[in-house]
Amino acid sequence: MYAFEQVESTNVEALRLAELGTPHGTVILANHQTAGKGRLGRTWHSPANTNLYASLILTQKPHRSCLSWIPLTTGVAVAEAIEAAANLSVSLKWPNDIVLGNKKLGGILCESSTKGPSAWNVIVGIGINVNWEKEHFPGALKNTATSLAIEAQHQIDRRVLFTTLLSRLETNYERLLSSDLSSLQSSYVSRSSTIGRHVHVQLATGETIDGFAINIGSEGELQVNPSATHVYSQAQKPSVITIRAGDVIHVR
Ligand code: BTN
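None of the values given here were measured: they were computed from a predicted structure.

## Looking at the environment of Asn143
Positionally, Asn143 belongs in the loop between strand 7 (122-128) and helix 3 (148-152). By relative accessible area, which is 65% here, Asn143 ends up exposed. C-alpha of Asn143 to C-alpha of Asn102: the two residues are 41 residues apart in sequence and 9.7 Å apart in space.

Next up, the structure:
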């Protein structure tokens, strides 16, 4: 494990270390990130002394059919750790936002490098808002984000949360490496706040889909029953659209 007082981003450090041949399971932890990264090129606000910022290097490759489950499995591990260490029940907004009510508590960013000695690697970056106080949130996050301390109404010990997270990550990656997808799928689905909701999905292509989220498929994909729109007449409308990547808004 590498613990830093301050880095640009633990994912950037982890990518650099993976390229140097750092072994599977190594964790990079930081107290402060000066350029924390979120999904879709966003910034991840990372003040000092208050939240959890960690990245895990994976070089042991799960079976091909399980690869898309890496971020979702991480979401399950984060949810379990929060449940155990902070006694709060959280849910997962597809693909892997950690939410409480409809406010975001944490997120996961997976990246990989093609350089370095290992034939395969994935960097799993995890950010959890732990003891962040509302008055310190940047304006844009005040209504959309929360922290464990706000929800629990007391400070949470970051060390306890981190050690619990490491053990849940280990257990859940073992399930992934042994291709135990059905148990992972049920752990994920039971915490999903997206299934059963009307959603608006923004795809990377710029296309949007509105519909009803019905399930998570065996490859971690979101299955949506599309609303009748100008694109489809009622007769042509496919009953299920499979979404592998996108940004989801819960409409109602
Ligand atoms: C998201 O947009 O939901 C993903 C956020 C991921 C943030 C974490 S914090 C630790 C790691 N280092 C980063 O720069 N990003 C991830």
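## Structural notes on helix 4 (residues 158-177)
For helix 4, which comprises 20 residues, the first-to-last C-alpha distance of 28 Å matches the rise-based estimate of 28 Å (1.5 Å per residue) to within 8%. Within helix 4 the residues assigned to the buried category are Leu161, Phe162, Thr164, Leu165, Leu169, Asn172, Tyr173, Arg175 and Leu176. Taken end-on, helix 4 shows its buried residues confined to a sector of 165°, consistent with a single buried face. Seen from the buried face of helix 4, the exposed residues on the opposite side, beyond 90 degrees, are Arg159 and Glu170. One or two residues past the end of helix 4 sits Ser179, with phi positive at roughly 55°.

## Here's the deal with unusual backbone geometry
Here the bond from Trp94 into Pro95 is cis, since omega is 5°, no more than 30 degrees from zero. Following the sequence through the fold, Pro95 ends up in the loop between strand 4 (91-93) and strand 5 (97-100). Positive phi outside glycine occurs at Leu40, with the angle close to 55°. Along the polypeptide, Leu40 turns up in the loop between strand 2 (27-30) and strand 3 (52-58). The backbone of Ser179 sits at a positive phi, close to 55°, despite the residue not being glycine.

## Comments concerning the site of the ligand
With respect to spatial proximity, 19 residues lie near the ligand, and among them Ser9, Gln33, Lys37, Arg39 and Lys104 are the closest. Take Arg39: an N or O atom from its main chain is 2.7 Å from an oxygen atom of the ligand. Protein contacts shield 98% of the accessible area of the ligand, which totals 410 Å² for the unbound molecule. Sorting the residues of the shell around the ligand by element identifies helix 1 (10-19), strand 3, strand 6 (103-111) and strand 7 as the ones contributing at least two each. Of all the elements, strand 6 adds the most residues to the shell around the ligand, at 4 residues. When the residues that make up the shell around the ligand are grouped by side-chain class, the tally is 5 nonpolar, 10 polar and 4 charged.

Cut-offs used in this document
Residues numbered from 1 in each chain as written. Predicted model: local features only at pLDDT ≥ 70, side-chain atom pairs only at ≥ 80, totals over all residues. Heavy atoms only, no water. Helix = DSSP H or I, 4+ residues; strand = E, 2+ residues; numbered from the N terminus. Buried < 20%, exposed > 50% of the residue type's maximum accessible area, 1.4 Å probe, protein only. Expected span 1.5 Å × (residues − 1). Arc of directions from axis to C-beta. Near = heavy atom within 4 Å. Polar contact = N/O pair within 3.5 Å; in protein donor to acceptor, adjacent residues only side chain to side chain. Areas by Shrake-Rupley, 256 points an atom, 1.4 Å probe, with all protein chains shown as cover. Nonpolar A, V, L, I, M, F, W, Y, C, P; charged D, E, K, R; others polar.

On their own, these measurements won't tell you what the molecule is for.
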